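Architecture and fold: a report
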Amino acid sequence: MPATDHPAPVIRAATTADVRAIRGLVAPLAERRVLLNKEAVAYYESVGDFVVAELDGVVVGCGAVHVLWEDLGEVRTLAVADTALGHGVGSALLERLVERARALGLSRLFCLTFETSFFARHGFEVIEGQAVEPEVYLELLRSYDEGVAEFLDLERVKPNTLGNTRMLRVL
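Below or above, wherever it landed, is the structure these notes cover.

Scoring rules and cut-offs
Residues numbered from 1 in each chain as written. Predicted model: local features only at pLDDT ≥ 70, side-chain atom pairs only at ≥ 80, totals over all residues. Heavy atoms only, no water. Helix = DSSP H or I, 4+ residues; strand = E, 2+ residues; numbered from the N terminus. Rg over C-alpha atoms; globule rule 2.2 N^0.38 Å. Contact = heavy atoms within 4.5 Å. Areas by Shrake-Rupley, 256 points an atom, 1.4 Å probe, with all protein chains shown as cover. Lys, Arg positive; Asp, Glu negative; His and termini not counted. Charge placed at Lys NZ, Arg CZ, Asp CG, Glu CD. Buried < 20%, exposed > 50% of the residue type's maximum accessible area, 1.4 Å probe, protein only. Pairing = 2+ DSSP bridges. Axes fitted to C-alpha atoms, helices over the stretch in contact; angles between N-to-C directions. Salt bridge = Lys/Arg side-chain N within 4 Å of Asp/Glu carboxyl O.

Remarks on the overall build of the protein chain
When helices and strands are counted, the protein chain shows six helices and seven strands. Secondary structure elements in the protein chain, listed N-terminal to C-terminal, are β-α-α-β-β-β-α-β-α-β-α-α-β. Against the 2.2 N^0.38 benchmark of 16 Å for 171 residues, the protein chain shows a C-alpha radius of gyration of 16 Å, consistent with a compact globule. When its C-alpha atoms are laid out on the principal axes, the protein chain stretches across 50 × 30 × 30 Å. Counted over contacts in the protein chain with a minimum sequence separation of 6, partners at least 24 positions apart contribute 67%. For the protein chain, the accessible area works out to roughly 9000 Å², and carbon and sulfur atoms hold 52% of it. Side-chain charges in the protein chain split into 17 positive and 25 negative, and the spacing between the mean points of these groups amounts to 2 Å.

Comments concerning the pairing of strand β5 (residues 108-113)
By the criterion of burial, β5 is predominantly enclosed, with six of the six residues buried. A two-sided burial pattern is seen for β5, the buried positions comprising R108, F110 and L112 on one face and L109, C111 and T113 on the other. As judged from the three bridges shared by strand β4 (residues 72-80) and β5, these two strands associate in the parallel manner. Within β5, the position partnered with E74 by the bridge is F110.

Details of the sheet that holds strand β3 (residues 58-69)
Read across the open sheet, the seven strands follow the order β1-β2-β3-β4-β5-β7-β6; overall the sheet is mixed. The sheet is open, and its two borders are formed by β1 (10-13) and β6 (125-126), each paired with just one other strand. Relative to strand β2 (residues 50-55), β1 is paired through four bridges, and the arrangement is antiparallel. Residue pairing across strands places V10 opposite E54, the latter belonging to β2. Helix α1 (residues 19-31) rests against β2, β3 and β4 of the sheet, and its axis sits at about 85° to β3.

With respect to the pairing of strand β7 (residues 165-170)
Relative to β7, β5 runs antiparallel, the two sharing six bridges. Of the residues in β7, the one forming a bridge with L112 is R166. Examined bridge by bridge, β6 and β7 share two bridges and lie antiparallel to one another. Bridge pairing links V126 to M167 in β7.

Quick word on unusual backbone geometry
Note: most residues except glycine have negative phi, and most peptide bonds are trans. Even without glycine at this site, D56 takes up a positive phi of about 55°. Note on placement: D56 falls in the loop between β2 and β3. One non-glycine residue, T77, lies in positive phi territory at about 50°. Within the fold, T77 resides in strand β4.

Examining the pattern of salt bridges
Counted according to the given criterion, the structure contains seven salt bridges. Residue D71 pairs with R108 through a salt bridge whose shortest N-O separation is 3.4 Å. Linking D71 in the loop between β3 and β4 with R108 in strand β5, this pair joins segments that are 37 residues apart in sequence. With relative accessibility at 23%, the residue D71 sits in the partly exposed group. Owing to a relative accessible area of 14%, R108 belongs among the buried residues under this scheme. Note that R169 and E95 form a salt bridge whose closest N and O atoms lie 3.7 Å from each other. In this pair, R169 sits in strand β7 while E95 sits in helix α3 (residues 89-103), placing the two residues 74 residues apart along the sequence. What makes E95 partly exposed here is its relative accessible area of 31%.

In structure tokens, the structure reads:
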């Protein structure tokens, strides 16, 4: 975190009570086409994947780690309120997500992002082509999860990826 007078954010597991705040963080980013908007039910279904960041008791950031395969997860929906930018919130969230990924037994994390400099500072590298073995690729093709399709760079999700960059970090 940069040396500032700002307090460190409190990072904790999200609860169902946080879903409205998470949706509120995502909404302006979805309007700017930085993140995809999701239905409320999608957030409730995946609330266990999320952590939130609080400053002075207010949720100012969120992020999720979602398991894609036995060794592979995806950082999803990393968002920080405009008012909290530059306070170390994004970095604190991402480091907690990396900790959660390791605890889940994952050794690689994928993300789809416009924020390539931010993720590169945290050890992510741009990937081209496939980052899984052919037999795993065939198994992943069976998933209904759009994030898996984005990881696989399938043509059918290209209109939804908004021009983002696919990045990977080895843990």
